[in-house]
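Inside the fold
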There are 2 protein chains.
Amino acid sequence: MTHQELTQQIFEKQSYLCVGLDTDIQKIPAHLRQAEDPIFAFNKQIIEATAPYCVAYKPNIAFYEAQGAQGWESLQKTLDYIPSNCFTIADAKRGDIGNTAALYARAFFEQLSFDALTVSPYMGEDSVTPFLDFAQKWVILLALTSNKGSSDFQTATQQVGETPLFEKVIEKSKQWATYEQMMYVVGATQTSYLKKIRTLLPHHFLLIPGVGAQGGSLEEVSKATLTAQGGILVNSTRAIIYASQEKDFAQVAAQRAAALQQEMAQYLAEKRP
Amino acid sequence: MTHQELTQQIFEKQSYLCVGLDTDIQKIPAHLRQAEDPIFAFNKQIIEATAPYCVAYKPNIAFYEAQGAQGWESLQKTLDYIPSNCFTIADAKRGDIGNTAALYARAFFEQLSFDALTVSPYMGEDSVTPFLDFAQKWVILLALTSNKGSSDFQTATQQVGETPLFEKVIEKSKQWATYEQMMYVVGATQTSYLKKIRTLLPHHFLLIPGVGAQGGSLEEVSKATLTAQGGILVNSTRAIIYASQEKDFAQVAAQRAAALQQEMAQYLAEKRP
């Protein structure tokens, strides 16, 4: 999916919501556990219920890998079921060199047809560029994550005036690809850094996890990073897919996604001239 | 496998060789491509041929993932086939938080029974500690990798006196686990840093890729990092498993592994009192 197409979806649906598919077999409603493929049975209903309100889905690959070969089949079926007007993100946080990165790219972009893959920047340019050889596919680079450990290396500085690592990552990696091929992961909990990051990256999409269960505020995040072109995807997972663990789980997920979409429509309206 | 058991294997086999199993279906000998499971058929013969000369195997997970569900089956069969006195490393370079890391741990340590997993440090402590809850399992943290891009963030400094990132990673992460649960990836091509790293980590195992095809020298690496207890695993992949692409591939792989083992036996002897 291109930058233009994604932007168009955001304005058509009046939403920049991404629904995380961290589907844990131990957390899905009991009645689905008897299904032939419980993970896919759950995802199918979540996708049907939430597709009108979101523009992207982000399966967390760990949850599928934990099920071995069967998990990869559930993931493939899930991907095939997501409507083609939704952007799809493999949250895999991969990072390896040349040949290996090319294989990950083949697995996620060709075999599974994801639009985007999250990538860790630790190994530098030659661990990122192999993903850029695929037309209309995206790298979403970890910049500033939403977890506690982000202060260990990403924001830590030892000397006055030292540029924190996440800024070095942004400055350097901007040279590797345009905003039509690269996005950045920026945690919703990092409110003190969000405006600075938008200044460093005026045109790039930001993928923002951490709203909801992790404590980030949709309003604060939107005010700091939303642009007139949209330019953000805000991810919510647990607050949507596990809002109910009963038979009404899909209906409740739809309600939660719709509420977020309505709030987003308001912020989008405020940004329009 | 414990630190003591791994050390014992090194002295019994007079080897600290790790064989990389980056098994690419496009690079294996043509006659194996007709096998029911070509990747496993190749690995099986490589393992039989090289097991007397090495103490560890390191499948690169990308190569299996690129084959989807079938790839996970090939990986499982490969793991089951590796002799129990060999240390097994999932080269996956994973890095994600709490719940997700726990799932990766379950996939690699429980479902696949690997001894160790390579992990990226970018997300900090809470992306590493979930892997430490498993008895006799290891985290191998990326410190200084062997690729060109390692100069982008790992070794780059902007100010005089600034500690490079790879040193910050080592200093900080040493507090998270003992040398009986954590190792570090240090590229063989980083000769100017190897002695310094051994000073920072006098007791930890180092996993050293980059000897052979990538240009690192076994002699230099061994002189800089080998201890009286061993303390290193040196990985070789292409120079062993793809030394021949004919029907004699396993025989040639055994010769290459044996030559490295003999060189290693000499360096081990030099370190013993």
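The structure under discussion appears in the preceding block.
The following refers to the structure shown.

For the rest of this paragraph, the subject is the sheet that holds strand β8 (residues 232-236) of chain B. Residues and elements named next belong to chain B. Judged by pairing direction, the barrel is parallel, and its eight strands sit side by side in the order β1-β2-β3-β4-β5-β6-β7-β8 before closing back on the first. Pairwise comparison of adjacent strand axes, ignoring direction, gives a mean angle of 30° for this sheet. When strand β5 (residues 138-144) meets strand β6 (residues 182-186), the two strands line up parallel, connected through five bridges. What sits directly across from Val139, in β6, is Met182.

Between chain B and chain A, the contact holds 45 residues from the first and 45 residues from the second. Listing elements by their share of the side of chain B that touches chain A, those giving two or more residues are α3 (61-65), α4 (68-81), α5 (98-111) and α6 (165-173) of chain B. Tallying contributions element by element places α5 of chain B first for the side of chain B that touches chain A, with six residues. Of the residues contributing to the side of chain B that touches chain A, the split by class is 16 nonpolar, 17 polar and twelve charged.

The subject of this paragraph is the pairing of strand β3 (residues 87-94) of chain B. Residues and elements named next belong to chain B. Within β3, eight of the eight residues are buried, which leaves it mostly tucked inside the rest of the structure. Direction of pairing for strand β2 (residues 56-59) relative to β3: parallel, over a ladder of two bridges. Across the sheet, Ala56 pairs through a bridge with Phe87, a residue of β3. In this structure, β3 lies alongside strand β4 (residues 116-119), joined through three bridges in parallel fashion. For Arg94, the partnering residue across the bridge sits in β4 and is Val119.

With that settled, consider the sheet that holds strand β2 (residues 56-59) of chain A. Residues and elements named next belong to chain A. In spatial order, the strands read β1-β2-β3-β4-β5-β6-β7-β8; together these eight strands close into a barrel with parallel pairing. Mean inter-strand twist for the sheet, computed between neighbouring axes without regard to direction, equals 30°. As paired strands, strand β1 (residues 17-21) and strand β8 (residues 232-236) are joined by three bridges and run parallel to one another. In the sheet register, Val19 faces β8, and the bridge partner there is Ser236. Its contacts with the sheet place helix α11 (residues 249-271) against β1 and β8, and it is angled at close to 155° to β1.

Attention shifts here to the relation of the copies chain B and chain A. Screw-axis analysis of chain B against chain A gives a translation of 0.0 Å along the axis, an RMSD of 0.0 Å, and a rotation angle of 180°. The transformation relating the two chain copies, once decomposed into turn and shift, fits a two-fold axis. For chain B, the smallest separation between a C-alpha atom and the rotation axis is recorded for Ala69 of chain B, amounting to 2.1 Å. Looking at the interface residues of chain B, 100% of them are also at the interface in chain A, so both copies use one shared face.

The rules behind these values
- Residues numbered from 1 in each chain as written.
- Chains lettered and ligands numbered in written order.
- Predicted model: local features only at pLDDT ≥ 70, side-chain atom pairs only at ≥ 80, totals over all residues.
- Pairing = 2+ DSSP bridges.
- Helix = DSSP H or I, 4+ residues; strand = E, 2+ residues; numbered from the N terminus.
- Axes fitted to C-alpha atoms, helices over the stretch in contact; angles between N-to-C directions.
- Contact = placed C-beta atoms within 7 Å.
- Nonpolar A, V, L, I, M, F, W, Y, C, P; charged D, E, K, R; others polar.
- Buried ≥ 20, exposed ≤ 12 C-beta atoms within 10 Å, placed from the backbone.
- Least-squares fit on C-alpha atoms with pLDDT ≥ 70 in both.

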